[in-house]
Amino acid sequence: MKNLFCPISDERINEQVPRVTALLVILTVIASFAFQLPVLMALVAGDFFIRAFTKLKFSPLSCLAYWMVKWLKIPAKPIDKAPKVFAARMGFVMTVMITVLLGLNFSLAAMVVAGILLFFASLEFAFAFCAGCTIYTYLVLPLSKN
């Protein structure tokens, strides 16, 4: 199934960086709820925004992930960038929803959305399975070719 994702775009990134970034997202989201700091969720939303909608090479979390991968000497594995950008856009929407729900004191709803985000981030971190990439491959890509 992995080969279904390639090639989507000419731009490549090191797969290890998004995986470690997913771990950092998981830790930050958990910290946001554990310490009741919705501002952390807003920062994660901003981080997703940078990765999803700007031409910057790194967001703060992905920059930290890049340095961690380099420091740990994890071998690079090139993958397509486009599906990861789509996944970052999904993450942005989810983190904005969580931030708004927390701001409106809808804590349970925010936790449900955060749980979904944590589930998908955990799949990315642990198994290199990107739900956004899968959706991109089977839904967005065929529609964009028409």
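Residue numbers run consecutively from 1 along every chain, following the written order of its sequence. Whole-chain, interface and lining totals are the exception, using all residues; otherwise, since this is a predicted model, local features are given only for residues with pLDDT of at least 70 and side-chain atom pairs are given and counted only at 80 or more. Hydrogens and water molecules were not included; the side-chain quantities draw on all heavy atoms of the structure.

Enquirer: Give a description of the pattern of salt bridges that names residues and reports values.
Expert: Where charged atoms of side chains with opposite charge meet at close range, the side chains can pair. One speaks of a salt bridge when a side-chain nitrogen belonging to Lys or Arg is within 4 Å of a carboxyl oxygen belonging to Asp or Glu. One pass over the structure, following the stated rule, counts 5 salt bridges. Across the pair Arg12 and Asp80 runs a salt bridge whose closest N-O atoms are separated by 1.8 Å. Residue Arg12 is found in strand β1 (residues 12-14), and its partner Asp80 is found in strand β2 (residues 78-80); the two are separated by 68 residues along the sequence. The classification of residues rests on relative accessible area computed with a 1.4 Å probe and restricted to protein chains. Under 20% of the type maximum is buried, over 50% is exposed, and intermediate values are partly exposed. Taking relative accessible area as the criterion, Arg12 reaches 43% and is therefore assigned partly exposed. Helix and strand assignments follow DSSP, with helices taken as H or I runs no shorter than four residues and strands as E runs no shorter than two, numbered in order from the N terminus.

Enquirer: Could you give me a rundown of the side chain of Ser62, with the residues and numbers involved?
Expert: Note on placement: Ser62 falls in helix α3 (residues 60-72). Any two residues whose heavy atoms approach within 4.5 Å are treated as being in contact. In contact with Ser62, other than residues within four places in its own chain, are Val17, Thr21, Asp47 and Arg51.

Enquirer: A description of a nonpolar patch on the surface should follow, citing residues and the corresponding values.
Expert: Patches draw on residues past 30% relative accessible area with no salt bridge. Two like charges within 9 Å are joined, as are two nonpolar side chains (Val, Leu, Ile, Met, Phe, Trp, Tyr) within 5 Å. Using a 1.4 Å probe, accessible areas were evaluated by the Shrake-Rupley method; residue-level cover was limited to the displayed protein chains. There is a patch of nonpolar side chains on the surface, built from Leu108, Val112, Ile116, Phe119 and Phe120 and spanning about 480 Å² of accessible area. Accessibility expressed as a relative area gives 63% for Leu108, which makes it exposed.

Enquirer: Pulling in residues and values, what's your account of the nonpolar core?
Expert: Definition used in this section: a nonpolar core is a set of buried Ala, Val, Leu, Ile, Met, Phe, Trp, Tyr and Cys residues joined via side-chain atoms within 4.5 Å. Judged by nonpolar contacts, the single largest core of 25 residues is most densely connected at Val25, Val29, Phe48, Ile98 and Leu117. Breaking this core down by element, the ones donating at least two residues are α1 (16-34), α2 (38-53), α3, α4 (82-103) and α5 (107-127). Top contributing element to this core by residue count: α1, with 7 residues. For Leu117, the contacting residues outside a window of four places in its chain are Val29, Phe48, Gly91, Met94, Thr95 and Ile98.

Enquirer: I'd like a rundown of the side chain of Asn14, residues and numbers included.
Expert: Looking at the element boundaries, Asn14 is found in strand β1. Between N or O atoms, a polar contact is any pair within 3.5 Å; within protein, one atom must be a potential hydrogen donor and the other a potential acceptor, and residues adjacent in sequence are included only when both atoms are from side chains. A polar side-chain atom of Asn14 sits 3.1 Å from the main-chain amide nitrogen of Lys77. When sequence neighbours within four positions are dropped, the list of residues in contact with Asn14 reads Val69, Pro75, Ala76 and Lys77.

Enquirer: Give me the packing of aromatic side chains: which residues, what numbers.
Expert: Any two rings among Phe, Tyr and Trp, with Trp reduced to its six-membered ring, count as a pair given centres within 6.5 Å; such a pair is stacked if its planes are under 30 degrees apart, edge-to-face if over 60, and tilted if neither. Summed over all chains, the structure comprises 6 aromatic pairs. Ring centres of Phe53 and Phe92 lie 5.5 Å apart, and the angle between their planes is 80°; on these two criteria the pair is classed as edge-to-face. Of the two residues, Phe53 sits in helix α2 while Phe92 sits in helix α4, which places them 39 residues apart along the sequence. Residue classification places Phe53 among the partly exposed positions, given a relative accessible area of 42%. Ring plane angle 45° and centroid distance 4.9 Å describe the contact between Phe58 and Tyr66, whose orientation is recorded as tilted. By relative accessible area, Phe58 is classed as partly exposed at 28%. On the basis of relative accessibility, which here comes to 29%, the residue Tyr66 falls in the partly exposed class. Put simply, the rings of Phe49, Phe53 and Phe92 touch in pairs and so form one group of aromatic residues.

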